[in-house]
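# Summary of the model geometry
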Amino acid sequence: MASTGDRPWMGERAERRERRLERPMLVVAALVIPALILEGAAVRVAGKTAAVVLNWVIWLAFLGELVAMLAVVRDRRLYLRHNLLSIAIVVLTPPFLPALFQSLRALRLLRLARLLRLAPIFRVAFSLRGFRYASFFTLLVVVTGASAFENLEPDKDYFDGIYWTVSTMTTVGYGDELPTTVEGKVVAMVLMLVGIGYFAVVTAAIAERFIERGQEEHIAAVEAEASDDLGGQVERLTTRAHELVADLEALGLAVAAASSDRDAR
């Protein structure tokens, strides 16, 4: 995150408030996904009501963040100029849009742009350390998905749920176990996304391991080459030193002979 010197329109108080709001707003942005799923699926009235409530909560959260930041920044005009996305979310995605503008509901996907601030977390996720966390999370999803399948689908037990969850997450989908309810299909879509994401993490972790090994071998080769070069340089310097010593001894003998000649005369 940029400092006050990089953003003179903010001020220390505004930056402190921005840091406090960062995590809650990321959670709010992530709620856009279940809200759109509930709204688009043929769910019961309770599901539609939950989608409407989520939509209002999300929009009011973005509106509240914008108002709260405008109350503490040094220069409101510059803040608005550098936060056009927040303005677009508040102005273009209110839940009270008339029927004429219902096609603009897709603009609510703008709210997901806030998740781009999770890029540093994604860099950790697609690593060997992230692989361990992803494996644990995926295991929890398998257990939870199996329980959901057992409860949502008639005449199914927990083992059927495990089998269906694993086949769905690995995108095998034999077809012998299928969700028949809308809720079960929603769970299936979530499992597919988690499964694809998990295997992406596995692939990235393997690639990172090969890259690290290649880097280690390259560093070892460079160090070995440098060591050889250093040894050669030391040997050449030693030889040169011996030559200089021999030259000095020869010069000393010549000087001594010249002195003897002068003394003899």
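Structure: above.
Notes on the structure in this doc start here. (Residues numbered from 1 in each chain as written. Predicted model: local features only at pLDDT ≥ 70, side-chain atom pairs only at ≥ 80, totals over all residues. Heavy atoms only, no water.)

### Quick word on helix α1 (residues 12-30)
Its 19 residues give α1 an end-to-end C-alpha distance of 28 Å, which sits within 8% of 27 Å, the value for a rise of 1.5 Å per residue. The principal kink in α1, of about 40 degrees, is found at E22, preceding the proline P24 by one to four residues. Considered for burial, the residues of α1 that qualify are A14, E15, E18, E22, M25, L26, V28 and A29. (Helix = DSSP H or I, 4+ residues; strand = E, 2+ residues; numbered from the N terminus. Expected span 1.5 Å × (residues − 1). Bend = angle between axes of the 7 residues up to and from the residue. Buried < 20%, exposed > 50% of the residue type's maximum accessible area, 1.4 Å probe, protein only.)

### What to know about the environment of A200
In this structure, A200 sits in helix α9 (residues 182-264). Residue A200 is classed as partly exposed on the basis of its relative accessible area of 34%. Spatially, the C-alpha atom of A200 lies 9.8 Å from that of F131, the residues being 69 residues apart in sequence.

### A closer look at unusual backbone geometry
Its identity as a non-glycine residue notwithstanding, D155 has a phi of 60 degrees, on the positive side. Within the fold, D155 resides in the loop between α7 (128-152) and α8 (158-169). On the basis of relative accessible area, D155 is assigned to the exposed category, the value being 80%.

### Section: a positive patch on the surface
A grouping of R13, R16, R19 and R20 is seen on the molecular surface, where their side chains present a positively charged patch. Mapping R19 onto the fold places it in helix α1. (Patch = residues over 30% accessible without salt bridge, like charges linked within 9 Å, V, L, I, M, F, W, Y side chains within 5 Å. Areas by Shrake-Rupley, 256 points an atom, 1.4 Å probe, with all protein chains shown as cover. Salt bridge = Lys/Arg side-chain N within 4 Å of Asp/Glu carboxyl O. Lys, Arg positive; Asp, Glu negative; His and termini not counted. Charge placed at Lys NZ, Arg CZ, Asp CG, Glu CD.)

### Some words on the packing of aromatic side chains
According to the stated counting rule, one finds four aromatic pairs in the structure shown. Consider the rings of W59 and F96, whose centres lie 5.4 Å apart with planes at 90 degrees: the pair is edge-to-face. Placement of the pair is W59 in helix α3 (residues 45-70) and F96 in the loop between α5 (84-92) and α6 (119-125), with a sequence separation of 37 residues. Centroid distance F149 to W164: 4.4 Å. Interplanar angle 20 degrees. Geometry classified as stacked. Taken as a pair, F149 in helix α7 and W164 in helix α8 lie far apart in primary sequence, 15 residues in all. Of the residues examined, F149 reaches a relative accessible area of 2% and is grouped as buried. The rings of W56, W59 and F96 are connected pair by pair, giving a single aromatic cluster. (Phe/Tyr/Trp six-rings, centres within 6.5 Å; stacked < 30°, edge-to-face > 60°.)

In short, shape yes, function no, at least from these values alone.
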